[in-house]
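# Structure at a glance
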Amino acid sequence: MKAIRIDGLDVSYGHTKITHGIGFSVAEGESFALVGESGSGKTTLGLALLRLIKSEGPVVYLGRRIDRLGWRELRPLRRELQVVFQDPYGSLSPRLSIAQIVAEGLDVHHIAGNGVDREQLIVDALDEVGLDPDSRHRYPHEFSGGQRQRIAIARAIVLKPRFIVLDEPTSALDMSVQAQIVDLLRALQQRHGLAYLFISHDLRVVRALSEEVLVMKDGKVVEAGPIDAVFKAPREAYTKALMAAAFALETVETQTVRT
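Along each chain, residues carry numbers from 1 onward, in the same order as the chain's sequence is written. Two thresholds apply to this predicted model, a pLDDT of at least 70 for residue-level local features and 80 or more for giving and counting side-chain atom pairs, whereas whole-chain, interface and lining totals are computed over all residues. Excluded from the side-chain calculation are hydrogens and water; included are all heavy atoms of the structure.

### Brief notes about the sheet that holds strand β3 (residues 31-35)
Adjacent strands of a sheet form backbone hydrogen bonds with each other and so pair up, either parallel or antiparallel. Pairing between two strands requires that DSSP report at least two bridges joining them. Starting at the N terminus, helices and strands are each numbered in turn, a helix being any DSSP run of H or I of at least four residues and a strand any DSSP run of E of at least two. In spatial order, the strands read β6-β7-β8-β3-β9-β10; together these 6 strands make up an open sheet with mixed pairing. Two strands in the sheet have a free side with no partner beyond their single neighbour: β6 (81-84) and β10 (220-226). On average, each strand axis in the sheet is tilted by 15 degrees relative to the strand beside it, whichever way the strands run. Relative to strand β9 (residues 212-217), β3 is paired through 4 bridges, and the arrangement is parallel. Directly across from Val 35, in β9, lies its bridge partner Val 215. Between the N-to-C directions of two axes lies an angle of 0 to 180 degrees, each axis being a line fitted to C-alpha atoms and, for a helix, fitted only over the stretch in contact.

### A few points about the side chain of Ser 31
Among the structural elements, Ser 31 can be located in strand β3. Note on classification: 1.4 Å probe, protein chains only; a residue is buried when its accessible area is under 20% of the maximum for its type, exposed when over 50%, partly exposed between these limits. Judged by relative accessible area, which is 1%, Ser 31 ranks as buried. Here a polar contact means two N or O atoms within 3.5 Å. Within protein one must be a hydrogen donor candidate and the other an acceptor candidate, and residues neighboring in sequence count only if both atoms are side-chain atoms. Side-chain polar atoms of Ser 31 contact the backbone oxygen of Leu 209, separated by 3.3 Å. Sequence-distant contacts of Ser 31, that is, excluding residues within four places in its chain, are made with Gln 189, Tyr 196, Leu 209, Ser 210, Glu 211 and Glu 212. By definition in these notes, contact holds between two residues if any of their heavy atoms fall within 4.5 Å.

### Description of a negative patch on the surface
The patches reported here contain residues having more than 30% relative accessible area and no salt bridge. Joining distances are 9 Å for like charges and 5 Å for nonpolar side chains (Val, Leu, Ile, Met, Phe, Trp, Tyr). With residues, only the protein chains shown are counted as cover, and all accessible areas are computed by Shrake-Rupley using a 1.4 Å probe. The salt bridge definition used is simple: a Lys or Arg side-chain nitrogen within 4 Å of an Asp or Glu carboxyl oxygen. His residues and chain termini do not enter the charge count, which takes Lys and Arg as positive and Asp and Glu as negative. Just so you know, the charge point we use is NZ for Lys, CZ for Arg, CG for Asp and CD for Glu. A contiguous patch of negative charge on the surface is contributed by Asp 124, Asp 127, Asp 132 and Asp 134. With respect to the helices and strands, the residue Asp 132 is situated in the loop between α5 (115-128) and α6 (145-157).

### Describing the sheet that holds strand β4 (residues 59-61)
Strand order in the open sheet formed by 4 strands is β2-β1-β4-β5, with antiparallel pairing between adjacent strands. Strands with a single pairing partner mark the edges of an open sheet, and in this sheet they are β2 (16-27) and β5 (64-65). The sheet contact formed by strand β1 (residues 2-13) and β2 spans 8 bridges and is antiparallel. Paired with Tyr 13 across the strands is Thr 16, a residue of β2. Helix α1 (residues 42-49) rests against β1, β2 and β4 of the sheet, and its axis sits at about 120 degrees to β1.

### Some points on α6
An α-helical turn contains 3.6 residues, so a residue and the one three or four places further along point in the same direction. Given a rise of 1.5 Å per residue, 13 residues ought to cover 18 Å, and the 19 Å separating the end C-alpha atoms of α6 matches this to within 8%. Judged by how many residues are buried, α6 sits mostly within the fold: 12 of 13 residues are covered. Along α6, the residues classified as buried are Gly 145, Gly 146, Arg 148, Gln 149, Arg 150, Ile 151, Ala 152, Ile 153, Ala 154, Arg 155, Ala 156 and Ile 157. Multiplying 1.5 Å by the helix residue count minus one yields the expected span of that helix.

### What to know about the confidence of the model for the chain
The predictor's confidence in any single residue is recorded as pLDDT, a number from 0 to 100. The predicted model of the chain averages 91 in pLDDT, with 96% of residues at 70 or higher. Here residues 251-259 is a poorly scored stretch, pLDDT under 50, and it has 2 contacts once near neighbours within four places are set aside; other chains count.

### Details of the nonpolar core
Remark: nonpolar core denotes a set of buried residues (Ala, Val, Leu, Ile, Met, Phe, Trp, Tyr, Cys) joined through side-chain atoms within 4.5 Å. Core analysis: the biggest nonpolar cluster contains 51 residues, and Val 102, Ile 153 and Phe 231 have the highest contact counts within it. Leave out the neighbours within four places in its chain, and Phe 231 touches Leu 203, Val 206, Arg 207, Val 213, Met 243 and Phe 247. The next biggest cluster of nonpolar side chains, apart from the first, holds 30 residues, and it includes Ala 3, Phe 24, Leu 49 and Leu 74.

Put into structure tokens, the structure is as follows:
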């Protein structure tokens, strides 16, 4: 089943159009990647799918059109539509403990009001992302970047979502930690049948996580298709340039590690 589908989606700020007639769908249990340079409209598109900014054109979630729903009608769906942001240092409040951070969504959606049940959900979420639940009373500054991103993922999955926007979730991490986070995301997807919209400019990570890819430039679709087809035989010059830059860097980094 398609978790989410858009058709001819436009986003505008004032008289300036940010995205132009974008269309694609993401099936349950699959990952769809949006790639392109900074400013191409990737994050704007993700926010529109989550109904955090206004847009024009159908947005269909699990067969139901949600782009015309008001705030009250959207509220019950919010727990199912989650996001993990790019910066694990800036997306977690330094004033809250890890338990409080993971529980933010539970409190907003009035889930598990009972203290014991609430605590168990927090423990289970931390355990599922590979963090020691006994660390839940510590604060973000006591954790590494990779651990903080695991906390951000726990905050999303504690709500049992169906669709998650992953907005550059590995870009602030070094390569070895990136691989660990990708492995975690794939494991969670397989376990829960999650649909991911993976926003990234890092094509190496995109290749590891996604089945389908859409290449964007200046808010428009440049190229789209199955990941293997686009990566092995890109048709457009812009896509070829992105590939050349990404995989030339990969070769340099590999040679550096070997030496």
